[in-house]
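What the coordinates show
What follows is each chain in one-letter form.
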Amino acid sequence: MEKKREGFGSRTAVIFAMAGSAIGLGNLWRFPYMVGEHGGAVFVLIYIVATILFSLPIFIAEVIIGRRSHTNARDAFVRLAPGKPFWRSISVLPILIPTIIASYYSVIGGWSLDYFFKACSLEFLHADPGTTSGIFTGFVSSTWVPVLMHLLFLAMSAIVVALGVKAGIEKFSKFILPVLFFLIVAIALYSMSLPGAGEGVRYLFKPDFSEFTPRTFAYALGQSFYSLSLGMGIIITYGSYVHRNENILVSSAGTAVSDLLFALLAGLAIMPAVFAAGIEPGAGPGLIFQSIPYIFCKMGQEAPALSTVVAGLFFFTVIVAAMTSLISLIEVGTAFLVEKFRMRRGRAVFVMFLVCGAAGTLCSLSFGPLSGLKVSGMNIFDIFDWVASNILLLIMAFLSVVFVGFVMKKEDVRDEFTNGGTKRRNVPLFNAVYFLIKWVAPIAVLLIFFTNFTL
Ligand code: TRP
């Protein structure tokens, strides 16, 4: 993130690093419950189309800004549009958004930590499958344990950030990502074999268009942005590490497709279990913590040892997926404090820990003692997520595409997209992608933005 301009060594390294940031709680935890809250297959369908038509072009736009400017997200706009004060003034957004997300992200991280401990202490093995929902609601509405778990999870991630990200965590994500895919496939297969699972699969893939509302559209796009880590400077930063010879289209599409695939697999792992367990799909943020333990309880009756190992591994994977993402979220604010205020790295991380720790504690308590505090039906946790994912992310994504479409020179954009004409297969695609970036994406984002306010 700072001055040294390291680069990714190979195409797989680029895709792994970007997919490591993209694949996280957004896929495993947020996607399934968003599907459940917003009408099932209709949401999934819009999510897939939106990812290809809107999010991928925006992703490409962010990589282009990053690689062209060859600097961090805060300075990128300033460097590419010198002397334009507007672009300087918005540079606080890419710092603010990740910090808000980090706060509540680590609350969910804390939940998975607790569930990992629960799995290891054989709690699911001895529970009756019918009680898994109750275990969860009891847990989140209590005061101390979720807050402690949140702080512990945040501290674990903060320590890694303080140590520096590159060597340890990047190697780790390279190893863990294939494991993640393997596990989610295995769990999806098991989940689909449960009695009553067919209904879950139908819920995911058989659209009922009467469920469609403009809100479905707005939330599906918001989810797609969130899942690809768009609109907050992360992709701009990673883009600045992408090698000059690299094919931007291939790396971007590779990341988007792995992220999409992972989300659908997570849906297949979770929805059938939700239906088999008789849980309401619109149960909200707790969905995976209610349905996955159900599978393990069931499995535990036939194969107790296997069930314990798999349950432990599953929550361990959630923890790691969340950690790799949380680390890059904290890193943004940390790098900012180091560069802007010349803070020492350790101290900057500590400041981030205090800010996210305090804000996250409020989010955590909003499921328990503070649950009465609501604005139009949303508790503090929901408000954090809504403001970041459905408002700020959209503004930032809008600004990024407008920047590439209207502020940068078309020739420069073409040059980046085709590597100066050497990536021959990208040449004929350029006009279409440019059109999507310049006209389709900004108009779509604006429409969605206003839908959020008016409906
Ligand atoms: N995309 C991540 C996920 O799916 C969450 C996320 C959003 C993120 N923005 C980010 C992670 C920025 C790292 C950096 O869970």
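We now turn to the structure provided with this report. From a predicted model like this one, the values you see are computed outputs, not experimental measurements. (Residues numbered from 1 in each chain as written. Predicted model: local features only at pLDDT ≥ 70, side-chain atom pairs only at ≥ 80, totals over all residues. Heavy atoms only, no water.)

Focus on the overall build of the chain
- For the chain, the count of helices and strands is 20 helices and zero strands.
- By the compact-globule yardstick of 23 Å for 455 residues, the chain fits well, its C-alpha radius of gyration being 21 Å.
- Going through the 455 residues of the chain one by one, you find that 60% of them count as buried.
- Partitioning the contacts of the chain with sequence separation of at least 6, the portion at a separation of at least 24 is 83%.
- For the chain, the distance from the average position of its 33 positive side-chain charges to the average position of its 24 negative side-chain charges is 12 Å. (Helix = DSSP H or I, 4+ residues; strand = E, 2+ residues; numbered from the N terminus. Rg over C-alpha atoms; globule rule 2.2 N^0.38 Å. Buried < 20%, exposed > 50% of the residue type's maximum accessible area, 1.4 Å probe, protein only. Contact = heavy atoms within 4.5 Å. Lys, Arg positive; Asp, Glu negative; His and termini not counted. Charge placed at Lys NZ, Arg CZ, Asp CG, Glu CD.)

Describing the pattern of salt bridges
- Within the structure shown, the criterion is met by nine salt bridges.
- Where Asp385 meets Arg30, a salt bridge forms, and the shortest distance between an N and an O atom there is 3.2 Å. On the criterion of sequence distance, the pair formed by Asp385 in helix α18 (residues 380-407) and Arg30 in helix α2 (residues 25-37) is long-range, its members being 355 residues apart. This pair shows no difference in class: Asp385 is buried, exactly as Arg30 is.
- Here Arg68 and Asp415 are joined by a salt bridge, their closest N and O atoms 3.0 Å apart. Placement of the pair is Arg68 in helix α3 (residues 41-69) and Asp415 in helix α19 (residues 410-418), with a sequence separation of 347 residues.
- Given a relative accessible area of 33%, Asp415 falls into the partly exposed group.
- Counted as one network, the salt bridges with shared partners bring together Arg67, Arg68, Arg244, Asp412, Asp415 and Glu416. (Salt bridge = Lys/Arg side-chain N within 4 Å of Asp/Glu carboxyl O.)

Let's talk about unusual backbone geometry
- In this model, Ser229 sits at a positive phi of 55 degrees, which is unusual for a non-glycine residue.
- Inspection of the secondary structure assignment puts Ser229 in the loop between α12 (214-227) and α13 (234-239).
- Judged by relative accessible area, which is 8%, Ser229 ranks as buried.
- The residue Ser376 is not glycine, and still its phi comes out positive at about 35 degrees.
- With respect to the helices and strands, Ser376 occurs in the loop between α17 (345-365) and α18.
- Ser376 sits in the exposed class, given a relative accessible area of 66%.

Here's the deal with a nonpolar patch on the surface
- The grouping of Phe172, Phe175, Val309, Leu313 and Phe316 at the surface amounts to a nonpolar patch, some 450 Å² of accessible area in total.
- Mapped by element, the contributors of at least two residues to the nonpolar patch are α10 (166-192) and α16 (304-341).
- With three residues, α16 is the single largest residue contributor to the nonpolar patch.
- Turning to its location among the elements, Leu313 is positioned in helix α16. (Patch = residues over 30% accessible without salt bridge, like charges linked within 9 Å, V, L, I, M, F, W, Y side chains within 5 Å. Areas by Shrake-Rupley, 256 points an atom, 1.4 Å probe, with all protein chains shown as cover.)

What to know about the packing of α16 against α17
- For the pair α16 and α17, interaxial distance at closest approach is 9 Å and the crossing angle is 130 degrees. With respect to each other, α16 and α17 are oriented oblique. Once α16 is placed against α17, the crossing between them reads as right-handed. Residue-level inspection shows Ile330, Glu331, Gly333, Thr334, Leu337 and Val338 of α16 in contact with α17, the latter providing Arg345, Ala348, Val349, Val351 and Met352.
- Counted by class, the contact of α16 with α17 contains seven nonpolar, two polar and two charged residues. (Axes fitted to C-alpha atoms, helices over the stretch in contact; angles between N-to-C directions. Parallel < 35°, antiparallel > 145°, perpendicular 65-115°, else oblique. Left-handed = near helix turned anticlockwise from the far one by under 90°. Nonpolar A, V, L, I, M, F, W, Y, C, P; charged D, E, K, R; others polar.)

Some words on the site of the ligand
- If you check the shell around the ligand, you find 15 residues, and the closest are Ala22, Gly26, Tyr105, Tyr226 and Ser229.
- Side-chain polar atom of Asn27 to an oxygen atom of the ligand: 3.4 Å apart, as the coordinates give it.
- Measuring from a nitrogen atom of the ligand, one finds a side-chain N or O atom of Ser229 at 3.0 Å.
- Counting residues per element, the ones that place at least two in the shell around the ligand are α1 (11-22), α2, α12 and α16. (Near = heavy atom within 4 Å. Polar contact = N/O pair within 3.5 Å; in protein donor to acceptor, adjacent residues only side chain to side chain.)

A look at the nonpolar core
- Of all hydrophobic cores here, the largest spans 158 residues; its most connected members are Trp29 and Trp111.
- Among the elements that make up this core, the one with the highest residue count is helix α14 (residues 248-276) (17 residues).
- In this structure, Trp111 is in contact with Trp29, Phe136, Phe139, Val140, Pro146, Pro285, Phe289 and Phe367, ignoring residues within four places of it in sequence. (Core = buried A, V, L, I, M, F, W, Y, C linked by side-chain atoms within 4.5 Å.)

Concerning helix α9 (residues 144-163)
- For α9, which comprises 20 residues, the first-to-last C-alpha distance of 29 Å matches the rise-based estimate of 28 Å (1.5 Å per residue) to within 8%.
- Pro146, Val147, Met149, His150, Phe153, Leu154, Ser157, Ala158, Val160 and Val161 are the residues of α9 that are buried. Projected down its long axis, α9 carries its buried residues within an arc of 165 degrees, all on one side. Away from its buried face by more than 90 degrees, α9 exposes Trp144, Leu148, Ile159 and Leu163. (Expected span 1.5 Å × (residues − 1). Arc of directions from axis to C-beta.)

Topic: the packing of aromatic side chains
- On inspection of all chains with the given rule, the structure shows 33 aromatic pairs.
- Centre to centre, the rings of Phe417 and Phe430 are 5.8 Å apart; their planes meet at 50 degrees, and the pair counts as tilted. On the criterion of sequence distance, the pair formed by Phe417 in helix α19 and Phe430 in helix α20 (residues 430-454) is long-range, its members being 13 residues apart. Take Phe417 and Phe430: they sit in the same class, and that class is buried. (Phe/Tyr/Trp six-rings, centres within 6.5 Å; stacked < 30°, edge-to-face > 60°.)

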